[in-house]
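Descriptive analysis of the structure
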Amino acid sequence: MSRGRILSGMRPTGRLHLGNYVGALENWVRLQNEGWQNFHMVADWHMLTTGYEDTSRIQSDTWDMVLDWLGAGIDPERSVIFVQSQVKQHAELHLLFSMLVSKARLERIPTLKEQIRDLHLDEQTISYGHLGYSVLQAADILLYKATHVPVGEDQVPHVELTREIARRFNFVYCQDREPVFPEPEAQLTAFARLRGLDGSRMSKSVGNTILLSDGPEDILARVKQAYTDPKKIRATDPGRPEADPNDGHGGCVVWEYHRKFNPAGAEEIARQCRAGELACVPDKKHLAQILADALAPIRERRARYAKDPGLVRDIVEAGNRRAREVAEATMEQVREAMNLEPGKAEVPGAAPHGERGR
Ligand code: SF4
């Protein structure tokens, strides 16, 4: 029996990296295997909110990302994989929800403020679509009546807005009927963040990532660049795996990755490092091997799917069909609650049914 329904998506950014895996994908696979009903959306319309000018890579990035989802273990027999723009009901519900939210409420969303800061945008000139992207997210979630939304800490305010919109809709339009929408709960992802290899935020554009599709040699070359304790020069120098805020040391990234991918060995590595019994170069090689082993099944499964593009296309088309069915069933309830079904209303002045045609 299903434990509940999950809606979670990603913008199509092409090949995924270790941070995407740890922050989301690994969790999706776990939830799927625990018996949740997963809906996973390629959020291509969301991509437009910050990148509408150049759409040339959307299709290839979509396929690369879907291959990584499948490689990571998303099973199309158990989880629905679909593309947002192929389910037009998202646009309809977004429009209807946009009447229920004030501009001031949207401007208070913390992630919008962060985006404006990080992308150096002018608050006065951001687009109407960008301002409203969290309303589109609410439509994405509620269209499928998701009970839970797996998110990182920073996305919790979006789920809160979704709950507010669900409450508002139910209050305004469902006084004399069953509420249409559940109020979904945020489900915090356990190991939410993995820093990039240089110790800063992981990002493909910065180049501080390991891709899920990287082979052992690429992984080793990338791990060699990882940030460690800058004061540990020789093997015998006592090292600091953890952060030391007194001199700006953010913590050794190699050790952070050990804790995630080698939890049983991480404490012993930290002990040897602190005692000056371990050098960074062999430790990096050791970590690269651990990562290559961990990613091998993902890389191999991905490669098998990549050899059969017709199958991948069929998987997504079947997912789109399933998503449309669920979305349309919700929209029928929405339209009925809002009196937006002209075909079902009586036309004023029309003759009673029994007298027509006499
Ligand atoms: S020995 Fe390992 S844990 Fe210690 S600083 Fe070097 S890479 Fe980091």
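Structure shown above.
Just so it is clear, the structure is predicted and the values come from calculations on it, not from any experiment.

Enumeration according to the criterion identifies 29 salt bridges in this entry. Residue glutamate 34 is joined to arginine 3 by a salt bridge in which the shortest nitrogen-to-oxygen separation is 3.5 Å. In this pair, glutamate 34 is assigned in the loop between helix H1 (18–33) and strand S2 (37–42) and arginine 3 in the segment before strand S1 (5–10), connecting sequence segments 31 residues apart. Ionic pairing is found between aspartate 214 and arginine 222, a salt bridge with its closest N-O pair at 2.9 Å.

A few words on the environment of valine 29. Tracing the chain through its elements places valine 29 in helix H1. What makes valine 29 buried here is its relative accessible area of 12%. When the C-alpha atoms of valine 29 and tryptophan 69 are compared, they prove to be 9.0 Å apart, with 40 residues separating the residues in sequence.

Attention shifts here to the pairing of strand S3 (residues 80–83). Neither face of S3 is open: one carries Val80 and Phe82, the other Ile81 and Val83, and all of them are buried. Bridge analysis of S2 against S3 gives four bridges, and the strand direction is parallel. Bridged to methionine 41 within S3 is phenylalanine 82.

Before going further, it helps to examine helix H11 (residues 253–261). With eight of its nine residues buried, H11 lies for the most part within the structure. Buried within H11 we find Val253, Val254, Trp255, Glu256, Tyr257, His258, Lys260 and Phe261. Elements that come into contact with the buried residues of H11 comprise H1, helix H12 (263–274) and helix H13 (280–306).

Right, let's get into the site of the ligand. Taken together, Thr228, Asp229, Lys232, Cys252, Val254, Trp255, Cys273, Leu278, Cys280 and Asp283 form the complete shell of residues around the ligand. At a threshold of 2 Å from the grid points, most atoms of the ligand map onto the largest cavity.

Right, let's get into empty space enclosed by the protein. Counting across every chain of the model gives one cavity of 30 Å³ or more. By volume, the largest cavity amounts to about 120 Å³. Along the wall of the largest cavity there are 15 residues; nearest its centre are Lys232, Cys252, Cys273, Cys280 and Asp283. Broken down by element, the residue count for the lining of the largest cavity peaks at three residues, all from H13.

Roughly 2100 Å³ of volume is contained in the largest pocket. Lining of the largest pocket is provided by 50 residues; of these, Arg11, Asn20, Asp154, Gln155 and Arg201 occupy positions nearest its centre. Elements that contribute at least two residues to the lining of the largest pocket include exactly S1, H1, helix H2 (44–51), helix H6 (110–118), helix H8 (133–143), strand S4 (148–151) and helix H9 (156–173). It is H1 that contributes the most residues to the lining of the largest pocket, six residues altogether. Residues of the lining of the largest pocket, tallied by class, amount to 19 nonpolar, 21 polar and ten charged.

One non-glycine residue, lysine 145, adopts positive backbone phi at about 50°. Within the secondary structure, lysine 145 sits in the loop between H8 and S4. Residue lysine 145 is classed as partly exposed on the basis of its relative accessible area, which comes to 25%. With a phi close to 60°, asparagine 339 is a non-glycine residue in the positive phi region. With respect to the helices and strands, the residue asparagine 339 is situated in the segment after helix H14 (309–337).

Further remarks concern the packing of H11 against H12. Axis separation between H11 and H12 bottoms out at 6 Å; the angle between their running directions is 145°. As H11 runs across H12, the sense of the crossing is left-handed. Two secondary-structure elements touch here, H11 through Trp255, His258, Arg259, Lys260 and Phe261 and H12 through Pro263, Ala266, Glu267, Ile269 and Ala270. For the contact of H11 with H12, the per-class residue count stands at six nonpolar, one polar and three charged.

Tallied over the entire structure, the rule returns seven aromatic pairs. Ring centres 4.9 Å apart and planes at 50° place the aromatic pair phenylalanine 169 and tyrosine 173 in the tilted group. Residue phenylalanine 169 and its partner tyrosine 173 are both found in helix H9; the two are separated by four residues, about one turn of the helix. Given a relative accessible area of 1%, phenylalanine 169 falls into the buried group. For tyrosine 173, a relative accessible area of 23% corresponds to the partly exposed category. Here the aromatic rings of phenylalanine 169 and phenylalanine 181 are separated by 5.1 Å at their centres, their planes lie at 75°, and the arrangement is edge-to-face. Within this pair, whereas phenylalanine 169 is found in helix H9, its partner phenylalanine 181 is found in the loop between H9 and strand S5 (185–188), the two being separated by twelve residues in sequence. Across the pair, exposure class does not vary: phenylalanine 169 and phenylalanine 181 are buried alike. Put simply, the rings of Phe97, Phe169, Tyr173 and Phe181 pair up and form one aromatic cluster.

Calculation rules
Residues numbered from 1 in each chain as written. Predicted model: local features only at pLDDT ≥ 70, side-chain atom pairs only at ≥ 80, totals over all residues. Heavy atoms only, no water. Salt bridge = Lys/Arg side-chain N within 4 Å of Asp/Glu carboxyl O. Helix = DSSP H or I, 4+ residues; strand = E, 2+ residues; numbered from the N terminus. Buried < 20%, exposed > 50% of the residue type's maximum accessible area, 1.4 Å probe, protein only. Pairing = 2+ DSSP bridges. Contact = heavy atoms within 4.5 Å. Near = heavy atom within 4 Å. 1 Å grid on protein atoms, 1.4 Å probe; cavity = no way out; pocket = protein on both sides within 12 Å on 5 of 7 lines; lining within 4 Å. Sits in = over half its atoms within 2 Å of the grid points. Points joined across faces, edges and corners; volume = space filled by probe spheres on them. Nonpolar A, V, L, I, M, F, W, Y, C, P; charged D, E, K, R; others polar. Axes fitted to C-alpha atoms, helices over the stretch in contact; angles between N-to-C directions. Left-handed = near helix turned anticlockwise from the far one by under 90°. Phe/Tyr/Trp six-rings, centres within 6.5 Å; stacked < 30°, edge-to-face > 60°.

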